[in-house]
Amino acid sequence: MTHRDAMKFPIVGSCVLFGLFLCFRYIPKWLVNLLLSGYITLLGAFAINAVTLPFVNQLFTEATRRKVLKLPSFPAVPFVSKEPTPLELTVPELLLCVPSLGLGVWYACTKHWVANNALGIAFSLLGIESVSLGSFKTAATLLSGLFVYDIFWVFCTPVMVSVAKNFDAPIKLLFPRESLRALHTAAAAGAASKPNFAMLGLGDIVIPGLFVALMLRYDVQSNFKTSYFQSVFWGYVGGLGTTIFVMNYFKAAQPALLYIVPAVLLTVAAHAALRGEFSSLWHYQEDHVAQQEAEEAAAAGKAVEPKKQQ
């Protein structure tokens, strides 16, 4: 993720969130959930496959892991792909398809909170694994922008809470407020009322998680001479704990990033200041970011030269 991407992220996220709000307001709720939930559930099955694959690979020999099975290609989809997409799976991936799709079907049929959380955790792990913030500046920009984004959409409008309650898909983790025994008794008795759950959006896990992962890579690069991972981890725990306390105290939904963002940023900043490393941390960039900026600068230089010649 580049610094420009980080600046645009809250704007794009706001457009998507408000678009979902309008869909639920003017289109039947069941239809929106049917289309989006089915799509996200299918993606969740692939996420479960990807997250569990490294563990399952250890059960097979190297020759079996390298064996690729070619399946029928996906046909071309207008506005998505011009050509058919080849589908190739290794033996472990193919075997994992059965439990992964089974979990997705279980969620689609029952909407059980355990299946929801399993898919949500898989999405979170895959998101943190797939995206790199690249630099401390980019991380600070992204977190600060989403700090304002979360406060605005939760406190100033009903949009965020409305979408979270109406969107019946694994985009949030659910935690039952009653005991598991009470939930089981109510389900066995066929209670008409739905159980009461506390919710934690996946964005409140993935976005800070990207920053936590960045600090871990920073510690690895320094051969663990620094310990920013521990600072940011406990900062996240403290911010999340504060969110839960305030939510229960005021009996109202809270924007988790309101508490998590200052907790993680200030904890790391204070740690760096105490060690006299704040400047080094602020200018920290991962290798791929520096290489990308060099390539963009070179491309911009080449574009300017023809104009000067003209």
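Structure first, text after, so check above.
> Just checking my understanding: could you explain the packing of helix α6 (residues 136-156) against helix α9 (residues 203-221) for this structure?
In a pair of packed helices, the angle between the axes and the distance between the axes together describe the arrangement. Viewed as axis vectors pointing N to C, α6 and α9 meet at an angle of 160°, and their least axial separation amounts to 11 Å. Our classification of the angle between α6 and α9 gives roughly antiparallel. As for the relative orientation of α6 and α9, their crossing is left-handed in sense. Along its contact with α6, which presents Phe136, Ala139, Leu142, Leu143, Leu146 and Asp150, the element α9 presents Asp204, Ile207, Pro208, Phe211, Leu214 and Met215. Tallied by class, the residues present in the contact of α6 with α9 amount to 10 nonpolar, no polar and two charged.

> Just to check I follow, could you spell out a nonpolar patch on the surface for this structure?
Taken together, the side chains of Phe18, Leu22, Tyr26 and Ile27 define a hydrophobic patch exposed on the protein surface, amounting to about 390 Å² of accessible area. With respect to the element layout, isoleucine 27 can be found in the loop between α1 (3-26) and α2 (29-57).

> How should the pattern of salt bridges be read in this particular structure?
A side chain of one charge can pair with a side chain of the opposite charge when the charged atoms of the two come close. Counted according to the given criterion, the structure contains three salt bridges. Residue arginine 66 pairs with glutamate 62 through a salt bridge whose shortest N-O separation is 2.5 Å. Taken together, the residues arginine 66 and glutamate 62, both in helix α3 (residues 62-66) and four residues apart, mark about one turn of the helix. Under the relative-accessibility criterion, arginine 66 is labelled exposed at 62%. Since its relative accessible area comes to 43%, glutamate 62 is described here as partly exposed. When the shortest N-O distance is used, the salt bridge between arginine 217 and glutamate 286 registers 2.5 Å.

> What's the story with the packing of aromatic side chains in this structure? I'm lost.
A ring pair, where both rings are aromatic, is described by two values, the distance of the centres and the angle of the planes. In the structure shown here, the tally under the stated rule is 13 aromatic pairs. Ring geometry for phenylalanine 18 and phenylalanine 21: centres 6.0 Å apart, planes at 25°, overall stacked. A residue pair is termed a helical-turn pair when its members lie 3 or 4 positions apart in one helix, as phenylalanine 18 and phenylalanine 21 do in helix α1 at three residues. Overall, the relative accessible area of 37% leaves phenylalanine 18 in the partly exposed class. Judged by its relative accessible area of 13%, phenylalanine 21 falls in the buried class. Put simply, the rings of Phe18, Phe21, Phe152 and Trp153 pair up and form one aromatic cluster.

> Honestly, unusual backbone geometry in this entry has me stumped. Any pointers?
It is generally the case that most residues other than glycine have a negative phi and that most peptide bonds are trans. Despite not being glycine, lysine 111 has its phi angle at roughly 55°, a positive value. By secondary structure assignment, the location of lysine 111 is in the loop between α4 (91-110) and α5 (113-130). What makes lysine 111 partly exposed here is its relative accessible area of 32%. Even without being glycine, phenylalanine 224 reaches a positive phi, approximately 60°. Looking at the secondary structure, you find phenylalanine 224 in the loop between α9 and α10 (228-250).

Reading the values: rules and limits
- Residues numbered from 1 in each chain as written.
- Predicted model: local features only at pLDDT ≥ 70, side-chain atom pairs only at ≥ 80, totals over all residues.
- Heavy atoms only, no water.
- Axes fitted to C-alpha atoms, helices over the stretch in contact; angles between N-to-C directions.
- Helix = DSSP H or I, 4+ residues; strand = E, 2+ residues; numbered from the N terminus.
- Parallel < 35°, antiparallel > 145°, perpendicular 65-115°, else oblique.
- Left-handed = near helix turned anticlockwise from the far one by under 90°.
- Contact = heavy atoms within 4.5 Å.
- Nonpolar A, V, L, I, M, F, W, Y, C, P; charged D, E, K, R; others polar.
- Patch = residues over 30% accessible without salt bridge, like charges linked within 9 Å, V, L, I, M, F, W, Y side chains within 5 Å.
- Areas by Shrake-Rupley, 256 points an atom, 1.4 Å probe, with all protein chains shown as cover.
- Salt bridge = Lys/Arg side-chain N within 4 Å of Asp/Glu carboxyl O.
- Buried < 20%, exposed > 50% of the residue type's maximum accessible area, 1.4 Å probe, protein only.
- Phe/Tyr/Trp six-rings, centres within 6.5 Å; stacked < 30°, edge-to-face > 60°.

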